[in-house]
Amino acid sequence: RADPSWRGGPIAALREAWARYKAPVAITECHLAGPREEQLRWLHRTWSGAQALRAEGAEVRALTVWSVFGAFDWNQLVTVENGFYEPGAFDVRAPTPRPTAIARLVAHLAT
């Protein structure tokens, strides 16, 4: 997503790494900034792609969701302290962390 000329996506990169090294691989910090629907679509697409790679014989060990409890100021790579908060699987702005739609999708995928 950072280089618009490359359209391979995370699964193409994972497939390439597996083909080159034949070593176990993992998708870490699976996240997409933007509207919640796009985040859900990105996570589901990445999960489905990892499952497809496993079916092809790749040793995909894990997929982690970033950030479980959200992140402050990552929209500026933590170079500016402006209090911008983006929820993750849980929104921690309330006294008790609240599960988000991401948390519900993670629970569904984990089963």
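This is a predicted model, so every value here is computed, not measured. (Residues numbered from 1 in each chain as written. Predicted model: local features only at pLDDT ≥ 70, side-chain atom pairs only at ≥ 80, totals over all residues. Heavy atoms only, no water.)

A.B. asks: Got a sec to walk through unusual backbone geometry? Specific residues and values, please.
C.D. replies: Put simply, Trp-66 and Ser-67 share a cis peptide bond, and its omega is -15°. Tracing the chain through its elements places Ser-67 in the loop between β2 (60-65) and β3 (71-72). The backbone phi angle of Leu-77 is positive, close to 55°, even though this residue is not glycine. One can find Leu-77 in the loop between β3 and β4 (85-86). Taking the relative accessible area as the measure of exposure, Leu-77 reaches 62% and is therefore exposed. (Helix = DSSP H or I, 4+ residues; strand = E, 2+ residues; numbered from the N terminus. Buried < 20%, exposed > 50% of the residue type's maximum accessible area, 1.4 Å probe, protein only.)

A.B. asks: Residue-level account of the environment of Lys-22, with values.
C.D. replies: Tracing the backbone through its elements, the reader meets Lys-22 in the loop between α1 (9-21) and β1 (25-30). Relative accessible area serves as the criterion here: at 55%, Lys-22 is assigned to the exposed category. Put simply, Lys-22 and Glu-59 are 37 residues apart on the chain and 8.1 Å apart in space, counted from C-alpha to C-alpha.

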